[in-house]
Amino acid sequence: MDERDHLLSSLEDHLEAAAEKSDQTEVQTAIKEAKTATAEVKDADAGRGSFETLLDSLDAVNTDQIENPEVTEHIDAAQRAAKRARDR
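Nothing here was measured: the structure is a model prediction, and the numbers come from that model.

S.K.: It is not clear to me how the overall build of the protein should be interpreted in this structure. Could you clarify?
M.R.: A count of helices and strands for the protein gives four helices and zero strands. Radius of gyration (C-alpha) of the protein: 12 Å, near the 12 Å computed for a compact globule of 88 residues. If one aligns the C-alpha atoms of the protein with their principal axes, the spans along those axes are about 35 × 20 × 15 Å. With 88 residues in all, the protein has 41% of them scored as buried. Contacts in the protein between residues at least 24 apart in sequence constitute 70% of all its contacts with a sequence separation of at least 6. Looking at the protein as shown, the accessible area adds up to about 5,200 Å², and 41% of this sits on carbon and sulfur atoms.

S.K.: Can you walk me through the nonpolar core in this structure?
M.R.: Considering soluble globular proteins, one finds that nonpolar side chains tend to be buried as a cluster. In terms of nonpolar packing, the biggest core is built from 24 residues, with L11, L15, I31, L54, L58, V61 and I75 touching the most fellow members. For this core, the secondary-structure elements that each account for two or more residues are α1 (3–21), α2 (25–43), α3 (48–59) and α4 (69–86). Those residues in contact with L58 that lie beyond four places of it in its chain are L15, A34, I75, A78, Q79 and A82.

S.K.: Just checking my understanding: could you explain the pattern of salt bridges for this structure?
M.R.: Pairing between side chains of opposite charge can happen when the charged atoms of each approach one another. Counted by the stated rule, this structure contains eight salt bridges. Residue R88 pairs with E3 through a salt bridge whose shortest N-O separation is 3.1 Å. In this pair, R88 is assigned in the segment after α4 and E3 in helix α1, connecting sequence segments 85 residues apart. One salt bridge in this structure joins E52 and R86, with 3.1 Å as the shortest N-O distance. You can see E52 sitting in helix α3 and its partner R86 sitting in helix α4, a full 34 residues away along the chain. With relative accessibility at 19%, the residue R86 sits in the buried group. Sharing partners across several salt bridges, the network here consists of E3, R84 and R88.

S.K.: Sorry, what's going on with the packing of α1 against α2 here?
M.R.: How two helices pack is summed up by the angle between their axes together with the distance between the axes. Contact pair α1 / α2: the axes reach a minimum separation of 10 Å and the direction vectors enclose 165 degrees. If you check the angle between α1 and α2, you find them roughly antiparallel. Note that α1 runs across α2; the crossing there is left-handed. The residues of α2 that touch α1, namely those facing R4, L8, L11, E12, L15, E16, A18 and A19, are Q28, I31, A34, K35, T38, V41 and K42. Grouping the amino acids of the contact of α1 with α2 by side-chain chemistry returns eight nonpolar, two polar and five charged.

Conventions and cut-offs
- What you see as residue numbers is a count from 1 along each chain, following the sequence as written.
- In view of the model being predicted, local features appear only for residues whose pLDDT reaches at least 70, and side-chain atom pairs are presented and counted only at 80 or more, with totals across whole chains, interfaces and linings using the full set of residues.
- Only hydrogens and water are set aside; all other atoms, that is, all heavy atoms of the structure, feed into the side-chain values.
- Numbering of helices and strands starts at the N terminus; helices are DSSP runs of H or I of at least 4 residues and strands are runs of E of at least 2.
- Taken over C-alpha atoms, the radius of gyration is set against a globule rule of 2.2 Å times the number of residues to the power 0.38.
- Working definition: with a 1.4 Å probe on protein chains only, accessible area under 20% of the residue-type maximum means buried, over 50% means exposed, and in between means partly exposed.
- Any two residues having at least one pair of non-hydrogen atoms within 4.5 Å are treated as being in contact.
- Accessibility throughout is a Shrake-Rupley quantity obtained with a 1.4 Å probe, and a residue counts as covered only by protein chains that appear here.
- For the purposes of this section, nonpolar cores are sets of buried Ala, Val, Leu, Ile, Met, Phe, Trp, Tyr and Cys residues that join through side-chain atoms within 4.5 Å.
- Each reported salt bridge corresponds to a side-chain nitrogen of Lys or Arg within 4 Å of a carboxyl oxygen of Asp or Glu.
- Axes here mean lines fitted to C-alpha atoms, for a helix over just the part in contact, with angles spanning 0 to 180 degrees between N-to-C directions.
- By definition in this entry, angles of less than 35 degrees are roughly parallel, angles greater than 145 are roughly antiparallel, angles of 65 to 115 are roughly perpendicular, and the rest are oblique.
- Crossings are sorted by hand: turned counterclockwise from the far helix by less than a right angle, the near helix makes the crossing left-handed, and turned clockwise it makes it right-handed.
- Polar here means any residue other than Ala, Val, Leu, Ile, Met, Phe, Trp, Tyr, Cys and Pro, which are nonpolar, and Asp, Glu, Lys and Arg, which are charged; Gly is therefore polar.

Next comes the structure, spelled out in structure tokens:
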């Protein structure tokens with residue numbers, strides 16, 4: 001597993017943890033979309049555009065709306081992992 005794959009795996013772990021901790025429908029829907037975007041990045045030889053779509057989907061979770069601070073922490077960590085994977 002190279003560093004990029006490790007970062008994407010970490011991103012998936014953070015999305016899963018965020019999904020488990022959130023009971024807000026809007027947040028759950030946004031996390032599901034981010035998971036789909038992550039899978040697309042992993043399945044393809046992802047170019048910068050795929051990562052931008054992933055980052056946009058993570059932004060759509062909108063941490064201002066999240067009631068549980070643990071969910072916000074996981075989304076922030078997922079965003080950091082996505083940016084680092086994109087830059088690899």
